[in-house]
Amino acid sequence: MDIKDVFEKNRTWISEKLKVDDSYFENLSKGQNPELLYIGCSDSRVTAEELMGVNPGEAFIHRNIANVVSNLDLSAMSVINYAVSHLKVNHIVVCGHYYCGGVKAAMQSADLGILNPWLRNIRDVYRLHREELNLITDEESKYKRLVELNVQEQCVNVIKTADVQLAYRERGLTVHGWVFDIHSGKLHDLNINFTEVLREIMEIYRLK
Ligand code: CO
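On a predicted model such as this, the values are computed, not experimentally measured, just so you know.

Q: Could you give an account of the coordination of the cobalt ion, with specific residues and numbers?
A: Bound to the cobalt ion on the protein side are Cys 41 (SG), His 97 (NE2) and Cys 100 (SG), at distances that span 2.1 to 2.3 Å. One chain supplies every donor for the cobalt ion, spaced along it as C-x55-H-x2-C. Its relative accessible area of 1% is what places Cys 100 among the buried residues.

Take a look at the structure:
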């Protein structure tokens, strides 16, 4: 890939958009009103907008290594606050993916420098679900299950925030856990029982 090609491709993209709608960028500049906050992995193969088929303006996006939602991460917390309290999104999606390098790294014992505290979030998910995970003898199945459990636990972390709890009560905001399968291109809904999770965690984490 030649970095200069990016600018050429950008010009092509502009002309394609304008061919369909000559006020496309003018309208885009007026503001955004996304219905959805997507929290996913930075993996170059998991392109949020493309896999969901959404256009610019339709989804607010946050990506990091292994789609982690940590309450000490100022970036993720600011994104959630802005999307929920200002943009008033009605859906928050945490989307993981099979073959996630971050999850794989967390399954191995290795000193990965600055990545250690980040991957510890996923190692904590493993510890929380170690009884179930240790029963899985096939390494690939265990890896896939940890990807799913990581999505589930990051959804719980989203629900722990005061903004989300308030928006749930005020306008029925919902949190969804999805997994993208790179092998087939399919998006799977983990069907996390949001109301059930919320009831369980509210015993301890009720903020609003
Ligand atoms: Co990943």
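Q: Before we move on, could you go through the sheet that holds strand E2 (residues 59-64) and cite the residues and values that matter?
A: With mixed pairing, 5 strands are arranged side by side in an open sheet as E2-E1-E3-E4-E5. Among the strands making up the open sheet, the edge pair consists of E2 and strand E5 (187-189). On average, each strand axis in the sheet is inclined to that of its neighbour by 25°, with strand direction left out of account. Its contacts with the sheet place helix H8 (residues 139-159) against strand E1 (36-41), strand E3 (91-97) and strand E4 (174-180), and it is angled at close to 160° to E4.

Q: Tell me about the packing of aromatic side chains, and please be specific about residues and values.
A: Applying the stated rule across the entire model yields 3 aromatic pairs. Taking 5.7 Å as the distance between ring centres and 45° as the angle between the ring planes, the aromatic pair formed by Phe 60 and Tyr 82 counts as tilted. In this pair, Phe 60 is assigned in strand E2 and Tyr 82 in helix H4 (residues 74-86), connecting sequence segments 22 residues apart. The buried category is assigned to Phe 60, whose relative accessible area is 17%. In textbook terms, an aromatic cluster arises when at least three aromatic residues are bridged by ring pairs, as seen for Trp 13, Tyr 24 and Phe 25. When the ring centre of Tyr 98 is taken as origin, the NZ or CZ atom of Lys 144, which lies over that ring, is 4.9 Å away.

About the thresholds
Along each chain, numbering runs from 1 in the same order as the chain's sequence is written. In keeping with the model being predicted, local features are shown solely for residues with a pLDDT of at least 70 and side-chain atom pairs are shown and tallied solely at 80 or more, while totals for entire chains, interfaces and linings include all residues. To get the side-chain values, take all heavy atoms of the structure and skip hydrogens and water. Listed donors are limited to N, O and S atoms within 2.8 Å of the metal, widened to 3.2 Å for Na, K and Ca; water is not among them, so incomplete-looking sites are possible. A 1.4 Å probe rolled over the protein chains alone gives each residue an accessible area, and that area as a share of the maximum for its type sets the label: buried under 20%, exposed over 50%, partly exposed in between. Strand pairing is assigned whenever DSSP detects at least two bridges linking the two strands. The numbering of helices and of strands both runs from the N terminus, where a helix is a DSSP run of H or I of at least 4 residues and a strand a run of E of at least 2. To define axes, lines are fitted to C-alpha atoms, for helices over the stretch in contact only, and angles between the resulting N-to-C directions are given on a 0 to 180 degree scale. Contacts between residues were defined by any pair of non-hydrogen atoms, one from each residue, lying within 4.5 Å. Whether two aromatic rings pair depends on their centres lying within 6.5 Å, for rings of Phe, Tyr and Trp, where Trp uses its six-membered ring; planes under 30 degrees apart make the pair stacked, over 60 edge-to-face, and the rest tilted. Whether a charge sits over a ring depends on NZ of Lys or CZ of Arg being within 6 Å of the ring centre and within 35 degrees of the ring normal.

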